[in-house]
Amino acid sequence: MLKFTPILLAILYALAMYRFSVWRTTRELDTQSTELADPVLKRMTDRLAAALDLPRVRVHIYEIDPVNGLAAPDGRIFITRGFYRKFQTGEVSAEEMASVIAHELGHVALGHSRRRMIDFSGQNALRTALAMLLSRFLPGVGVWIANGLTTLLAARLSRGDEYEADAYAAALLTKAGIGTAPQKSLFKKLEALTSGAGGAMPAWLLSHPKTDERIAAIEKLETRWQHSLS
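Computed from a prediction, not measured in an experiment: that's the story for all the values here.

## Quick word on the overall build of the protein chain
- The helix and strand inventory of the protein chain stands at eight helices and four strands.
- Along the protein chain, from the amino end to the carboxyl end, the secondary structure elements read α-β-α-β-β-β-α-α-α-α-α-α.
- Burial statistics for the protein chain: of 230 residues in total, 41% are counted as buried.
- Taking all contacts inside the protein chain whose residues are at least 6 apart in sequence as the whole, residues at least 24 apart take part in 68%.

## A look at helix α4 (residues 94-109)
- Across its 16 residues, α4 extends 22 Å between first and last C-alpha, which sits within 8% of the 22 Å expected from 1.5 Å per residue.
- With its phi angle positive at about 80 degrees, G111 sits one or two positions after the end of α4.

## Here we look at helix α3 (residues 81-88)
- Along α3, the positions that sit buried rather than exposed are G82, F83, Y84 and F87.
- Looking at the residues trailing α3, positive phi occurs at G90, about 85 degrees.

## Focus: the nonpolar core
- Core analysis: the largest hydrophobic core is formed by 36 residues, its most contacted members being L48, I79 and F83.
- Contributing elements (two or more residues each) for this core: α2 (39-52), β2 (59-62), β4 (77-80), α3, α4, α6 (142-175), α7 (181-194) and α8 (211-229).
- Among the elements that line this core, the one with the most residues is α4, at seven residues.

Rules of the game
- Residues numbered from 1 in each chain as written.
- Predicted model: local features only at pLDDT ≥ 70, side-chain atom pairs only at ≥ 80, totals over all residues.
- Heavy atoms only, no water.
- Helix = DSSP H or I, 4+ residues; strand = E, 2+ residues; numbered from the N terminus.
- Buried < 20%, exposed > 50% of the residue type's maximum accessible area, 1.4 Å probe, protein only.
- Contact = heavy atoms within 4.5 Å.
- Expected span 1.5 Å × (residues − 1).
- Core = buried A, V, L, I, M, F, W, Y, C linked by side-chain atoms within 4.5 Å.

All we've got here are geometric facts, nothing functional implied.
Structure, rendered in structure tokens:
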């Protein structure tokens, strides 16, 4: 029984962290966000909604400065106040903002937003179990090895999710008549938009595919769609 104690402790820790993370995220978003009310962006979200056969797509403003977009575990879509300011100053177009919303809708539709919370818990469980086991054989460095391995796993999972959300967004934007050009142009702007943003990097740039790789993946999809129509 003692052999399995580290694993059992890791599972209990993961469950506790999962519940706490969901509660903390939901509470913070509830207290620091309001529904977006912008007539120009509403025209964009109405086009996305029509393409999805939905009455409307709700978007919320998350009152923080870093440029980012996110999909909550409960399915709500958020853009940060900092991102919205970039739109207000003309640094980001309405179509480019629509591509952000479409991307986050992809995370919701594909189950990434909920799965990421589970992944977060699973990664903590794996990190704890590995640290306990490796520390028996490699005292002092077992924890560092465990952290490194779980970080690599998280990055790989995250990159896969981003490619899938990109593909979903590309298809949705095409169906809505907006096209993929704003999606690709925004990728090229993101690094400049987020520089000096309090050190907070958006999901697109944190352990995720490189900009040119993401654009190449979208263009590959476009080529495939053109061939299927010809």
